[in-house]
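# Report on the structure
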Amino acid sequence: MIFAANLKCNHTRSSFLEYASVLNNFLKNRKSCENSDEIFVFPTSSAFLEGDFVFNQGAQNFYPVKNGSFTGEIGSEILDEFGIKTVLIGHSERRALGESNEFLKAKFEFAKKNGYKIIFCIGESDITYMNASTKRFLKSQLEGLDLEYENLNLAYEPIWAIGTGRSAKISEISEVLDFLRTFTDAPLLYGGSVNLSNISEILSVKNCDGVLVGSASLDVNNFINLINYKKG
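Sequence order as written defines residue numbering, which begins from 1 separately in each chain. Only residues with pLDDT of 70 or above have their local features reported here, since the model is predicted, and side-chain atom pairs are shown and tallied only from 80 upward, although totals for entire chains, interfaces and linings are computed over all residues. For side-chain calculations, the full set of non-hydrogen atoms in the structure is used, while hydrogens and water are omitted.

- The protein has the name Triosephosphate isomerase in an unreviewed UniProt entry, where Campylobacter ureolyticus ACS-301-V-Sch3b is given as its organism.
- As stated in UniProt under Subcellular location (unreviewed entry), the record for the protein gives "Cytoplasm".
- UniProt positions are given in the numbering used here, feature names are shortened, and annotations may be inferred rather than shown by experiment. Looking at the Sequence similarities (unreviewed entry) heading of the UniProt record, one finds this comment for the protein: "Belongs to the triosephosphate isomerase family."

### Things to note about the environment of serine 171
- The residue serine 171 is located in helix H7 (residues 170-181) in this model.
- Using a relative accessible area of 51% as the deciding quantity, one classes serine 171 as exposed.
- Along the chain, serine 171 and phenylalanine 108 lie 63 residues apart, while their C-alpha atoms are 30 Å from each other. A run of DSSP states H or I qualifies as a helix once it reaches four residues; a run of E qualifies as a strand once it reaches two. Both are numbered from the N-terminal end. The cut-offs for exposure are 20% and 50% of the maximum accessible area for each residue type, with area from a 1.4 Å probe on protein chains only; residues under the lower value are buried, those over the upper are exposed, and the others partly exposed.

### Some remarks on empty space enclosed by the protein
- A cavity here means a set of points on a 1 Å grid, drawn over the protein atoms and nothing else, where a 1.4 Å probe fits but cannot get out; a pocket is an open set with protein on both sides within 12 Å along at least five of seven lines, and a residue lines either one if it has an atom within 4 Å of a point. Grid points are joined across faces, edges and corners, and a volume is the space filled by probe spheres set on the points. Under the criterion given, the structure shown has one cavity of 30 Å³ or more.
- In this model, the largest cavity occupies a volume close to 40 Å³.
- Lining the largest cavity are Gly90, His91, Ser92, Arg95, Cys121, Ile122, Gly123, Gln141 and Glu157.
- Of all elements in the fold, only helix H3 (92-95) and strand E5 (117-122) reach the threshold of two or more residues within the lining of the largest cavity.
- All amino acids are sorted into three groups, where Ala, Val, Leu, Ile, Met, Phe, Trp, Tyr, Cys and Pro are nonpolar, Asp, Glu, Lys and Arg are charged, and the leftover types, Gly among them, are polar. Its residues placed into classes, the lining of the largest cavity shows two nonpolar, five polar and two charged.

### Quick word on the sheet that holds strand E6 (residues 152-156)
- Strand order in the open sheet formed by eight strands is E3-E2-E1-E8-E7-E6-E5-E4, and the pairing between neighbours is parallel. Whereas interior strands pair on both sides, the edge strands pair on one side only; in this sheet they are strand E3 (56-57) and strand E4 (86-89).
- Here E4 pairs with E5 via four bridges, running parallel. Looking across to E5, one finds that threonine 86 is bridged to lysine 117.
- In the packing of H7 onto the sheet, the strands contacted are E5, E6 and strand E7 (188-191), and the crossing angle to E7 comes to about 150 degrees. Pairing between strands requires that DSSP locate at least two bridges from one strand to the other. Contacts are residue-level and defined by heavy atoms, with any inter-residue pair within 4.5 Å sufficient. Whenever a helix is involved, its axis is fitted only over the stretch in contact; in every case the axis is a line through C-alpha atoms, and angles between N-to-C directions fall within 0 to 180 degrees.

### Things to note about the nonpolar core
- What makes a nonpolar core is a set of buried Ala, Val, Leu, Ile, Met, Phe, Trp, Tyr and Cys residues whose side-chain atoms join them at distances within 4.5 Å. Of all hydrophobic cores here, the largest spans 65 residues; its most connected members are Leu23, Phe120, Leu180 and Phe223.
- Looking at which element gives the most residues to this core, the answer is helix H1 (residues 13-28), with six residues.
- The contacts of leucine 180, once residues within four sequence positions are left out, are Ile122, Leu142, Leu154, Tyr156 and Leu188.
- Judged by nonpolar contacts, the second largest core, of 10 residues, contains Ile2, Phe40, Phe42 and Ala155.

Right, here's the structure in full:
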């Protein structure tokens, strides 16, 4: 299973250092049979840490260049300094700030060229959902992407469920992930108000290979409890 924590605009460098230490110690002490899980954490860029971790430290955002005259952006040269080879692309909160499908494709191609592991996010608004146009919309978000890229993970995050406490129904998650499976063999994740009360049921869905967690991952102990859900 894949467990990914998107910390968004939360945690300072010092608080993330504590977060990373607690998570790292937990993962080091896990039973060998549980070590097949993949753990990703996406801190804010100002909190990037150097060092060896059991989990994968990823970037919430980057600009598709090595470096250059791009004020305020993060190029691959900066990610390389921290050994970051995992990136989040297409999150609805980035799309809302103006990242178009064309720009997201450019980021995807740059990440692919550099061999990065990608978690690519797709998801529909409440209006699209209510109009029963979810599948058509999600398909449009995937157009032009190499869905056979070996380091791709695809995350379905309905916008109306992100941070609202309202998760999609299990039947809806299952239907969408089954649909996405017809386009790619990449691991499929679900994100959108994942918490301790629903994670077991979500991860029981046939084509669900993991979760992308937002607010429920901000506290490291809560994220650990999510990873440990099978023991509950």
